[in-house]
Amino acid sequence: MTIKVLLADDQALLRSAFRVLVDSEPDMEVVGEASDGAAAVELARAKSPDVVLMDIRMPGTDGFAATRVICSDPELEHVRVVMLTTFEIDEYVVQSLRAGASGFLGKGAEPEELLAAIRIAAAGEALLSPVATKGLIATFLAQSDGADAATAGYQAERLAALTGREREVLVQVAGGHSNDEIGERLEVSPLTVKTHVNRAMAKLGARDRAQLVVIAYETGLVRPRVE
């Protein structure tokens, strides 16, 4: 199955480089290019891509706003967004996840990393580096202001629907661990882990693993460590 990719970046030269790279892969194809967030939303609805590579800083509608629109549209439920940013800008990491993105990638990433990111997102996995997951995400979600209190309370109530094992798996997901790693830690098969993850996503209304991470920290199920 061919992975359909939409490129959203205001730099034509960068889009061109991404197109050449993506189209060189037998299992991928670029179905559209957008130079701003508004165009990205329109193309997402018209082309129904599997993955959108979304730049954050674009004129007019930025990447965050465009991602929120795409990820909140029921007709685009299958679309996964990978934000293009740099890990040095900590707050962007959390804003990306809260907007609904499946993960983020530095623009300076190697070609192999970019291609892997597309495949990971298309498969419904979360593109979260362990370092960012355990550090940046935890820190900024822990600093949520009072405006998020109602949301946290609501999510906490929803956690009650999870079984004990599903909670254990959710904690491991929030730590940035893969299904194989979680299976080893809990002494169960990766397939069993996947089943628990899918059930947790269904019960919590999460689009993917990235959203599970947000919920785990916002509800206080997982708290950041103080180094």
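In case you missed it, the structure is sitting above this.
What comes next is a walk through the structure. (Residues numbered from 1 in each chain as written. Predicted model: local features only at pLDDT ≥ 70, side-chain atom pairs only at ≥ 80, totals over all residues. Heavy atoms only, no water.)

## So, the overall build of the protein chain
Of regular secondary structure, the protein chain possesses 11 helices and five strands. Across the protein chain, contacts joining residues at least 24 apart in sequence account for 68% of those joining residues at least 6 apart. On the protein chain, roughly 10,900 Å² of surface is accessible, and the fraction owed to carbon and sulfur atoms is 52%. (Helix = DSSP H or I, 4+ residues; strand = E, 2+ residues; numbered from the N terminus. Contact = heavy atoms within 4.5 Å. Areas by Shrake-Rupley, 256 points an atom, 1.4 Å probe, with all protein chains shown as cover.)

## Structural notes on the sheet that holds strand E5 (residues 103-106)
What the five strands build is an open sheet, ordered E2-E1-E3-E4-E5; its pairing is parallel. Both edges of this open sheet fall to strand E2 (28-34) and E5, since each of them pairs with a single strand only. If you compare each strand with its neighbour and ignore which way they point, the axes differ by 25° on average. In this sheet, strand E4 (residues 80-85) lies alongside strand E3 (residues 51-55) in parallel orientation, the contact comprising five bridges. Counted as the bridge partner of Val-52 is Val-81 from E4. (Pairing = 2+ DSSP bridges. Axes fitted to C-alpha atoms, helices over the stretch in contact; angles between N-to-C directions.)

## What about the pattern of salt bridges?
All chains considered together, the criterion is met by eight salt bridges. For Asp-27, the salt bridge is made with Arg-119, and the minimal N-O distance between the two is 2.9 Å. With Asp-27 in the loop between helix H1 (12-23) and E2 and Arg-119 in helix H5 (residues 111-122), this pair connects stretches of sequence that are 92 residues apart. A relative accessible area of 31% means that Arg-119 is categorised as partly exposed. A single salt-bridge network, built from bridges that share partners, covers Arg-15, Arg-19, Asp-23 and Glu-33. (Salt bridge = Lys/Arg side-chain N within 4 Å of Asp/Glu carboxyl O. Buried < 20%, exposed > 50% of the residue type's maximum accessible area, 1.4 Å probe, protein only.)

## Some remarks on the pairing of E4
Burial of E4 is extensive: six of the six residues sit out of reach of the surface. Residues Arg-80, Val-82 and Leu-84 of E4 are buried on one face, and the alternating residues Val-81, Met-83 and Thr-85, pointing to the opposite face, are buried as well. What joins E3 to E4 is helix H3 (residues 63-72), and the crossover it makes is right-handed. Sheet topology note: the E4/E5 ladder contains four bridges and is parallel. Looking at E5, one finds that Leu-84 is bridged to Leu-105. (Right-handed = clockwise from strand over helix to strand, strands pointing away.)

## Focus: the nonpolar core
Across soluble globular proteins, you tend to see nonpolar side chains buried next to one another. The biggest cluster of nonpolar side chains holds 26 residues, and the ones touching the most others in it are Ala-8, Val-52, Met-54, Ile-70, Val-81 and Met-83. Of all the secondary structure elements, the ones that give two or more residues to this core are strand E1 (3-8), helix H2 (37-47), E3, H3, E4, helix H4 (90-99) and helix H11 (209-218). Here Val-52 is in contact with Leu-6, Val-79, Arg-80, Val-81 and Val-82, once residues within four sequence places are set aside. Core analysis: the next-biggest nonpolar cluster, separate from the first, contains 20 residues, Ala-174, Leu-204, Ala-216 and Val-222 among them. (Core = buried A, V, L, I, M, F, W, Y, C linked by side-chain atoms within 4.5 Å.)

## A few points about H3
Every buried residue belonging to H3 is among Gly-63, Phe-64, Ala-66, Thr-67, Ile-70 and Cys-71, and all of these are buried. Around the axis of H3, the buried residues are gathered within 160° of arc, so they sit on the same side. The backbone nitrogen of Phe-64 lies 3.2 Å from a side-chain oxygen of the residue at the head of H3, namely Asp-62. (Arc of directions from axis to C-beta. Polar contact = N/O pair within 3.5 Å; in protein donor to acceptor, adjacent residues only side chain to side chain.)

## Things to note about unusual backbone geometry
The backbone of Ser-48 sits at a positive phi, close to 50°, despite the residue not being glycine. Its place among the elements puts Ser-48 in the loop between H2 and E3. Accessibility expressed as a relative area gives 27% for Ser-48, which makes it partly exposed. The backbone phi angle of Glu-187 is positive, close to 60°, even though this residue is not glycine. Tracing the sequence through the fold places Glu-187 in the loop between helix H9 (179-186) and helix H10 (190-204). Of the residues examined, Glu-187 reaches a relative accessible area of 73% and is grouped as exposed.

Function cannot be read off these values alone, since they describe shape.
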